[in-house]
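# Architecture at a glance
Residue-level listing of the chains:
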Amino acid sequence: MTNSRSSRRSASWGGPARLILRLVLMGVGLGLLTGTGLRLLAPRVQQQEIPLPSWLADQAVITTLLGEAVEPQTIEEASKDKKLAPAAAKVLKQARFAPKQEIKALSQRWVELANQQTDLQASAYMLVLDDGRFAAMQAERPMPAASSIKTPILLAVLELLDQGTLQWNEPLTLTQELVGGGAGWMASRPLGSRFPTYEVATEMIRVSDNSATNLMIARAGGMEQINARFQALDLPATVVNNWLPDLDGTNTTSARDLSRAIALVDSGEVLGPRSRDLFREVMGTSVTNTLLPTGLMRGLGGAQGAPDDSLARKGYRVYNKTGDIGLAYADAGLIELPDGRRAVAGFLVKGPFNDPRSTELIRQLSAAMAPHLKPNPAPPKP
């Protein structure tokens with residue numbers, strides 16, 4: 001009896017067990033064949049000898065197949081050759097500082113606005129990174145930089161981080177020479193106080209701390225060395241001649257230089273991904289939004305309110321840094337558009353001390369560019 005029941009139990013379980021085993025072996029076999037096939041085809045796909053179906057014309061899928069990143073430009077060129085689906089060409093890619101076509105109407109409008117205030121000197125520049133459209137008004141003229149020079153200084157310091165010669169938490173020591181009056185709180189700390197680099201960089205932008213800026217200049221090698229770096233980055237008008245606050249306006253820059261410095265970071269030309277993220281994070285802490293952001297908000301129209309919140313509701317974001325020494329004002333920033341494109345813009349105005357017309361002119365110039373930064377309409381769903 002026992003043998004009979006055991007044999008029946010064995011017979012009843014043998015069939016499903018063998019079936020499961022066969023299915024597992026078939027799955028493993030198909031996986032090996034598929035993986036081998038993709039590995040063999042990858043070189044021909046990468047060389048665009050084999051056209052891909054539309055559902056594979058996604059960079060993430062292509063990266064998975066080839067086992068390495070495919071440059072967005074390669075995808076765009078391939079789509080022009082009709083070897084990849086046209087949808088791949090719409091992938092947003094990093095764009096370099098490459099002016100191509102002037103928006104003459106905007107340049108002329110800026111001139112008209114500036115001519116209404118004959119005793120003010122103004123400089124303006126804007127570039128849409130994704131298509132190369134730009135506008136300019138005295139864009140390369142050196143002008144007092146005020147605190148706007150802190151943006152290229154941040155870029156130069158983050159380059160040291162990329163090179164491995166600076167640590168983000170490295171302590172920096174406040175000395176008598178580096179104490180700067182005016183904006184910021186670090187000047188009120190005792191001499192010999194030590195601050196981590198990340199705090200110094202952040203306070204330099206967040207509240208425009210002048211002592212923090214001097215610490216950054218000193219850590220970058222001093223004025224001579226940081227100026228040499230500005231020249232190498234093709235920022236010819238950007239020069240540090242004195243420690244901040246530099247109330248006489250001897251430190252100079254230009255609207256074009258400020259815009260280019262920001263574009264160099266966003267394009268990835270000079271900083272690695274992590275340092276680029278740090279640049280954006282630090283720039284995002286700036287608390288002053290009464291110039292470029294306010295002007296852009298006005299130009300876009302619609303509901304008004306706090307500039308950052310109002311712009312966010314419209315799908316825009318501005319990473320900007322201002323400058324103010326009474327006789328000169330400045331603002332420059334990276335502008336994110338609702339359709340994912342990006343632009344850079346810079347404005348500087350010099351005039352009578354604490355003249356409200358100077359700041360208002362920057363807002364007017366910013367508002368004038370708003371119609372040229374409208375998002376492209378979203379395509380209909382397929």
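Further up the page is the structure itself.
Structure report, in brief. All values derive from a computational prediction rather than experimental measurement.

## Digging into the side chain of Asp246
Looking at the element boundaries, Asp246 is found in the loop between α8 (223-232) and β7 (252-253). Here Asp246 occupies a buried position and makes no salt bridge, while the nearest side chain of opposite charge, Lys150, is found at 11 Å. Within the local environment of Asp246, its side chain forms a polar contact with the backbone nitrogen of Asn251, the two atoms lying 2.7 Å apart. Beyond its immediate stretch of four places on either side in the chain, Asp246 contacts Asn251 and Ile325.

## Some points on unusual backbone geometry
Where the residue is not glycine, phi is negative for most of them; where a peptide bond is considered, it is trans in most cases. For the bond running from Leu244 to Pro245, omega is 25°, close enough to zero to count as cis. One can find Pro245 in the loop between α8 and β7. Phi at Asp246 is positive, roughly 50°, even though this residue is not glycine. Residue Asp246 is classed as buried on the basis of its relative accessible area, which comes to 8%.

## Brief notes about empty space enclosed by the protein
Throughout the structure, instances matching the rule amount to 2 cavities of 30 Å³ or more. Reported here for the largest cavity is a volume of approximately 60 Å³. Every residue lining the largest cavity is listed: Ile262, Val265, Asp266, Phe279, Arg280, Met283, Tyr319 and Leu334. Sorting the residues of the lining of the largest cavity by element identifies α9 (255-266) and α10 (273-283) as the ones contributing at least two each.

Calculation criteria
- Residues numbered from 1 in each chain as written.
- Predicted model: local features only at pLDDT ≥ 70, side-chain atom pairs only at ≥ 80, totals over all residues.
- Heavy atoms only, no water.
- Helix = DSSP H or I, 4+ residues; strand = E, 2+ residues; numbered from the N terminus.
- Buried < 20%, exposed > 50% of the residue type's maximum accessible area, 1.4 Å probe, protein only.
- Lys, Arg positive; Asp, Glu negative; His and termini not counted.
- Salt bridge = Lys/Arg side-chain N within 4 Å of Asp/Glu carboxyl O.
- Polar contact = N/O pair within 3.5 Å; in protein donor to acceptor, adjacent residues only side chain to side chain.
- Contact = heavy atoms within 4.5 Å.
- 1 Å grid on protein atoms, 1.4 Å probe; cavity = no way out; pocket = protein on both sides within 12 Å on 5 of 7 lines; lining within 4 Å.
- Points joined across faces, edges and corners; volume = space filled by probe spheres on them.

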